[in-house]
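# Commentary on secondary and tertiary structure
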Amino acid sequence: MLHFPACSEYHWGDMSTPAMPEALESSVNSDHPAESPLSIRDLTVAYQRRPVVWDIDYVAPAGRLVAVIGPNGAGKSTLLKASLDLIPRVSGKVRFFGQPYRKVRDQVAYVPQRTSVDWDFPVNALDVAAMGLYRQIGWCRWVTRKYREQALHALERVGMADYAHRQIRQLSGGQQQRVFLARALAQNANLYLMDEPFAGVDAATERAIVSILQDLRTAGKTALVVHHDLQTVSEYFDEVLLLNLRLVASGPTENVFTAENLKRTYGGKLSLLDQVGARIAGS
Amino acid sequence: MNSQAGKIRHILMGLFMVSSMLFFPKSGVCREPENMTGSPLLRVLFLSDYNTRIVLLGTSLLGMSGGIVGVFMLLRKRSLIGDVVGHSALPGIAIAFIVSQMVAPGSGKNLPGLMAGAFLAGLTGALCVMLIDRYSRVRPDAALAIVLSLFYGLGTSLLTVIQRMPTASAAGLQTYLNGKTASLLASDVWIFALSSIALTILTLCLFKEFTLLCFDDTFASASGWPVLFLDSLLIGLVAGVTIVGMQSVGLILVVAILIIPAASARFWTDDVRWLTVGAAILGALSAGLGTFISAMAPRLAAGAIIVLSGSSLFVVSLLLGTRRGLIWRWREQRRLQRRTGRHDLLRAIYEQIESTESVHDVTEQQLLQARFYAAQLLEMRSWNLRRLQRLIQHAIRNEELEQNPDGSCHFTPDGAALARRAVRNHRLWELYLINDAAVAPGHADYDADRIEHVLAPEMIRQLEEQLMHQDDKTLPASPHTIPTTDAPAQADSTP
């Protein structure tokens, strides 16, 4: 599962800072600018002695939609989880809006992979959406009508209001993904970290999610989305983050999402579909 | 759905009413059983014995709290931790006994001391399992086995040590392994009742926290909830139930009162709130029933009887549960098969008529006039003659078909209408699956009758438009060829 490129594939030249647009250059001088919703410095995550994420330096732009792409095992999910303190880091500092995570939790929403949960759980869609509000509700209080209405509103935004009382096991994959998204939307955060929200969803759900992402961007929010489908990157996302254990490149899609960078990211391990996507991207 | 505040009110009222039973006037001050009149059986049966009443109440409350806490153990998929806590408590009891003996000889068997020891040891055992799971490569099930045997073995050895102590006698301590409901005194039961109520209230206060923990601990952690702390709290509650239960059910079986009511309730509901209510009721019921039965037969091990009552309720739920019970699921399956068979038959007849008449839209008259034999329909689907004949008999009974003197059948008006509807729905579904392959698997419902319940009206209209001919027929053509017995196969006639 872990892909550690063989020495021959390793381009030592890549150790230099990836090319960044001029506008961001100045903000990197201060490691963790307050305007940046997510700034990462020296992040390394290892499982026992094998690195999973290696020496990441990254400053996310505010108010943009960023795709995190890379081959399987590149550490994309790990990057998100390590930033949120869900898994331990070997080294590195991560700041959200210039602050440590624990101080700005309410401004960051996390949408985990749909498969990380057992959907055979006795709750309905409204209950799951309301979970995004639990922090607001606080300890030892029950979910009152006011919060249920907020949760319902979040479900409406993802088009799942009619399924509010449907048990989650009876929802399709795309519907489940939307419920997860509603949970995050209910938090009214400024930064959304999403792990493969488009995996295994139907076309209608995909359109719905893209539309929500665009609404978020219009509202000035930021989203970092782990994405697997190269064909749709240029269409959906403003910026990309190319990852393969290390940061290969990051920046605006039109500059950075090139065939050259993709080759460097996937290191010759491009699958057939990825190649098709890469060719489309290059054209 | 009732508001949460209303639910709290109901629960508290119930608890209040139940605990007011504690204040029933006693039939005299606690008399010795031998002095009472009337046969013992009748006395128990009519709850005229104060002692029995109190014990019944206490164990019912214990059962209720066990059920409620057990829901979250079940949902957290850590049911066996209850077993670990129970077995790990044994060395705690032994150590507490030894310590009390050394500090104040003769006071070994003081209940609060023993309960404290049991609580700490049980908690330690469970935490060991959690830590082994988190920080080592040992798998959870192996960790359970290791810790359980370790602590229990330790406890057994300590008991033998106690037996060798000159002044102490360990005889009483053994009863905590198997429980001693039958010989409980009303005074013991006060602790039961209060602890059970406290455990219940604590669990209900943290209802949403525990629900989130069990559903998605990753999200919980990201949201800032202290997952390890909540897990430990849950285990603390389990330990609490254990030390209350060790007197009635015994340490070895205390896991049963945690898990069995919750597992039984799962067959009746898909909503965590009702699951908790169901587990509370089933837990109280099984504990009460068990106590009741064992009061009538004092020589049987009380703990075991309680567990047997709970297990019987489990089996009943397994069979009869309205959500996931076996019988219910079997009935649903049968219903679906019967309905599908019925629709298949009607559709086959309709399509047969369609192909012999070579039209897309069969008129009512043509439907009602057509005659067909069973043999003609055999090739249309994969059924054999016997099944086909049975289906035809069903249809005749349902007044969808009528039999003619020469053995052939024809549609009744009802049957014709149903056939038309079945064909329409089936073809709409087919087209939906073809057109919207990506979406369909999530929505397609084999029970084609309910297409209107699953797809939005606009969607159905769109599909129908797609299927229509230019000259506005009312029924879509089938997207695949229909076999016919008396003419060469018709060409595919898609719009």
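Now for a description of the structure that goes with this document. Quick caveat: nothing in here was measured; it's all calculated off a predicted structure.

Time to look at the overall build of chain B. A count of helical and extended segments in chain B gives 22 helices and two strands. Taken across its 495 residues, chain B has 50% of its residues classed as buried. Within chain B, residue pairs in contact and separated by at least 24 positions form 72% of the contacts whose partners lie at least 6 positions apart. For chain B, the computed accessible surface area is about 23,700 Å², with 62% contributed by carbon and sulfur atoms.

Further remarks concern the interface of chain B and chain A. Listed by partner, the interface residues are 39 residues for chain B and 39 residues for chain A. With both chains or domains summed, chain B and chain A bury close to 3,400 Å², and 63% of this area falls on carbon and sulfur atoms. Of all residues in chain B, the largest losses of buried area upon contact with chain A belong to K208(B), F215(B) and F219(B), amounting jointly to 23% of the total for that side. Linking chain B with chain A are six salt bridges, by the criterion used here. The salt bridge involving D118(A) is made with K77(B); its shortest N-O contact spans 2.5 Å.

Another point: the packing of aromatic side chains. Inspection of the entire model under this criterion finds twelve aromatic pairs over all chains. Arranged with centres 5.2 Å apart and planes meeting at 45 degrees, the rings of F121(A) and F215(B) form a pair that is tilted. Of the two residues, F121(A) sits in the loop between β5 (108-111) and α3 (125-130) while F215(B) sits in helix α9 (residues 207-215), which places them in two different chains. Measuring from ring centre to ring centre gives 6.4 Å for Y236(A) and F237(A), while their planes differ by 65 degrees; the resulting arrangement is edge-to-face. For the pair shown, Y236(A) and F237(A) are each scored as buried. An aromatic cluster of three or more residues is present, and its members are W119(A), F121(A), F180(A) and F215(B). The ring of F219(B) carries R183(A) above its face, with NZ or CZ at 3.6 Å from the centroid.

Taken as a whole and judged by the stated rule, the model has zero disulfides over all chains. Free cysteine: C140(A), not disulfide-bonded; nearest cysteine sulfur from C205(B) at 5.1 Å. By relative accessible area, C140(A) is classed as partly exposed at 41%.

Residues and elements named next belong to chain A. Overall, antiparallel pairing links the three strands, which are arranged β2-β1-β4 in an open sheet. At either end of the open sheet lies a strand with only one pairing partner, and these are β2 (50-59) and β4 (91-95). Going from strand to strand, the sheet's axes swing by 25 degrees on average, the running direction of each strand aside. Bridge analysis of strand β1 (residues 39-47) against β4 gives four bridges, and the strand direction is antiparallel. Across the sheet, R41 pairs through a bridge with K93, a residue of β4. Strands in contact with helix α2 (residues 76-83) are β1, β2 and β4; relative to β1, the strand with the most contacts, it is inclined by about 115 degrees.

Within this structure, the stated rule accounts for 25 salt bridges over all chains. Across the pair R169(A) and D120(A) runs a salt bridge, and its minimum N-O distance is 3.3 Å. Of this pair, R169(A) sits in the loop between α5 (145-157) and α6 (173-186) while D120(A) sits in the loop between β5 and α3, and the two are 49 residues apart along the sequence. The class for D120(A) is partly exposed, based on a relative accessible area of 33%. R324(B) is paired through a salt bridge with D120(A); the nearest N and O atoms lie 2.7 Å apart. Placement of the pair is R324(B) in the loop between α14 (302-320) and α15 (326-357) and D120(A) in the loop between β5 and α3, with the two residues belonging to separate chains. Through salt bridges with shared partners, a single network forms among D120(A), R169(A), R266(B), D270(B), R323(B) and R324(B).

The next point concerns the pairing of strand β6 (residues 191-195) of chain A. Residues and elements named next belong to chain A. For β6, the tally of buried residues reaches five of five residues, placing the bulk of the element in the interior. Side-chain alternation along β6 places L191, L193 and D195 on one buried face and Y192 and M194 on a second face that is also buried. Relative to strand β7 (residues 222-226), β6 is paired through five bridges, and the arrangement is parallel. Note on β7: the bridge partner recorded for D195 is V226. Each parallel crossover has a hand, and the one from β6 via helix α7 (residues 203-218) to β7 is right-handed.

Time to look at the sheet that holds β7(A). All names here are of chain A. Ordered by their spatial adjacency, six strands build an open sheet running β5-β6-β7-β3-β8-β9, and the pairing between neighbours is mixed. Looking at the sheet topology across the chains shown, the edges are occupied by β5 and β9 (246-252). Averaged over neighbouring strand pairs, the angle between their axes works out to 15 degrees when direction is ignored. One ladder, built from four bridges, connects strand β3 (residues 65-69) with β7; its direction is parallel. By the bridge assignment for β7, L65 is matched with A223. Running at roughly 140 degrees to β6, α2 makes contact with β3, β5, β6, β7 and β8 (239-244) of the sheet. Its contacts with the sheet put α6 on β5 and β6, and the angle it makes with β5 is roughly 165 degrees.

What counts and what doesn't
- Residues numbered from 1 in each chain as written.
- Chains lettered and ligands numbered in written order.
- Predicted model: local features only at pLDDT ≥ 70, side-chain atom pairs only at ≥ 80, totals over all residues.
- Heavy atoms only, no water.
- Helix = DSSP H or I, 4+ residues; strand = E, 2+ residues; numbered from the N terminus.
- Buried < 20%, exposed > 50% of the residue type's maximum accessible area, 1.4 Å probe, protein only.
- Contact = heavy atoms within 4.5 Å.
- Areas by Shrake-Rupley, 256 points an atom, 1.4 Å probe, with all protein chains shown as cover.
- Buried area = accessible area lost by both parts, 1.4 Å probe.
- Salt bridge = Lys/Arg side-chain N within 4 Å of Asp/Glu carboxyl O.
- Phe/Tyr/Trp six-rings, centres within 6.5 Å; stacked < 30°, edge-to-face > 60°.
- Lys NZ or Arg CZ within 6 Å of the ring centre and 35° of its normal.
- Disulfide = S-S within 2.5 Å.
- Pairing = 2+ DSSP bridges.
- Axes fitted to C-alpha atoms, helices over the stretch in contact; angles between N-to-C directions.
- Right-handed = clockwise from strand over helix to strand, strands pointing away.

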